[in-house]
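# Fold and contact review
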Amino acid sequence: RRRFYKNCCSGSLEGIGRARGTIWAEHLSEECRRRFYKNCCSGSLEGIGRARGTIWAEHLSEECRRRFYKNWYQSKRKAFTKYAKKWQDDDGKKVIERDFKKLAKYCKVIRVLCHTQMKLLNGRQKKAHLMEIQLNGGTMEEKVNWAREHLEKQVPINNVFNQDEMLDVIGVTKGKGFKGVTSRWHTKKLPRKTHKGLRKVACIGAWHPARVGFGVPRAGQKGYHHRTELNKKVYRIGQGIHTKDGKVIKNNASTEYDITDKSITPMGGFPHYGEVRNDFVMVKGCVVGPKKRVLTLRKSLMVHTKRVASEEIKLKFIDTSSKFGHGRFQTHEEKKNFMGPLKKDREVQA
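Predicted model, so just to flag it, every value in this text is computed and none were measured.

Let us look at the overall build of the protein. Counting secondary structure elements, the protein contains 10 helices and 12 strands. The burial tally for the protein puts 24% of its 350 residues in the buried class. Across the protein, contacts joining residues at least 24 apart in sequence account for 65% of those joining residues at least 6 apart. Carbon and sulfur atoms provide 52% of the accessible area of the protein, an area that totals close to 27,500 Å².

In this section: a nonpolar patch on the surface. On the surface, Leu120, Leu121, Phe270 and Tyr273 cluster together into a nonpolar patch covering about 330 Å² of accessible area. Considering the arrangement of structural elements, one finds Leu120 in the loop between strand E3 (111-115) and strand E4 (130-134).

This part covers the side chain of Thr265. With respect to the secondary-structure elements, Thr265 resides in the loop between strand E10 (247-249) and strand E11 (280-283). Looking at Thr265, the relative accessible area reads 13%, which means it is buried. A polar atom in the side chain of Thr265 sits 2.9 Å from the backbone nitrogen of Val276. Setting aside chain neighbours within four positions, we find Thr265 in contact with Phe270, Gly274, Glu275, Val276 and Thr320.

Another point: the environment of Phe329. Examined against the element boundaries, Phe329 turns out to sit in the loop between helix H8 (307-310) and helix H9 (332-339). Placed 10 residues apart in sequence, Phe329 and Asp319 show a C-alpha to C-alpha distance of 9.4 Å. Those residues in contact with Phe329 that sit more than four places away from it in its chain are Met267, Thr320, Ser321, Ser322, Glu334, Lys335, Phe338 and Met339.

The rules we used
- Residues numbered from 1 in each chain as written.
- Predicted model: local features only at pLDDT ≥ 70, side-chain atom pairs only at ≥ 80, totals over all residues.
- Heavy atoms only, no water.
- Helix = DSSP H or I, 4+ residues; strand = E, 2+ residues; numbered from the N terminus.
- Buried < 20%, exposed > 50% of the residue type's maximum accessible area, 1.4 Å probe, protein only.
- Contact = heavy atoms within 4.5 Å.
- Areas by Shrake-Rupley, 256 points an atom, 1.4 Å probe, with all protein chains shown as cover.
- Patch = residues over 30% accessible without salt bridge, like charges linked within 9 Å, V, L, I, M, F, W, Y side chains within 5 Å.
- Salt bridge = Lys/Arg side-chain N within 4 Å of Asp/Glu carboxyl O.
- Polar contact = N/O pair within 3.5 Å; in protein donor to acceptor, adjacent residues only side chain to side chain.

Printed below as a string of structure tokens:
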């Protein structure tokens, strides 16, 4: 835009540029027309790189379709019903096949739409989180074929990340609401005898420049900010509770040194979360946000050369004692063997 106004307004005055539009003179010089034509053509070339469209799968789950409604309960729930018929008749299949070929021929970037599986969690929310994920590596045709093969399929966590890998965590921090400067910027409190409050900034700037600088601490929103934490070490990628040969396997918290048959869920469950029954990722340190907030895990963008990034982690012990109290026992069997029969157990037997 800056280049366009610079070219048209230099020399003779041909038009008056405004924020809401441009008022042009009746007769424009040939030079101005030439410049205008040149800039308009350069702008139209950008349209080649725009999105070619989206190809949806035939069967979209209910949790995914809920994302396209504000009120699922009162709606007719007709989303993607007409589109799904394309996959069933011959004319629709030809259109979809043509769209796949166009993607492979013209596109420079392929992104797949993935959604979370809310039905696996016993939470309140039923609406899935929808996200675009870019495919890298290989030719465009290989990317399109890979995306087509994985339509309506699950992508397990161990197909994306590996043990001892460094990854980035993207999320939104805990919200703290509207806070003053002492809480928000940790400024020093004024003396006790200060008039009209002491949790303030004493001077917010000089007379001139006659405005408040951007670096002066002010009151406002604290928390609920988008943050990206880099270089989180993956300690373990665990498998959820599953059945193998008719036997329930839940020893995803046992190690080579601690062979106790116990799950990753501590006694009494995780506070404000509950039980972990699905695949999980254990990373070093903390992550942003409160319990149950959705996080985005990303491959690290850096080339790691430090020993910390390349070392192999062998966990010796995972603590599964209660997180509500002091946590004395690792499993319910251990507590029962130590405490003996309790009064509540006798009442159940009776």
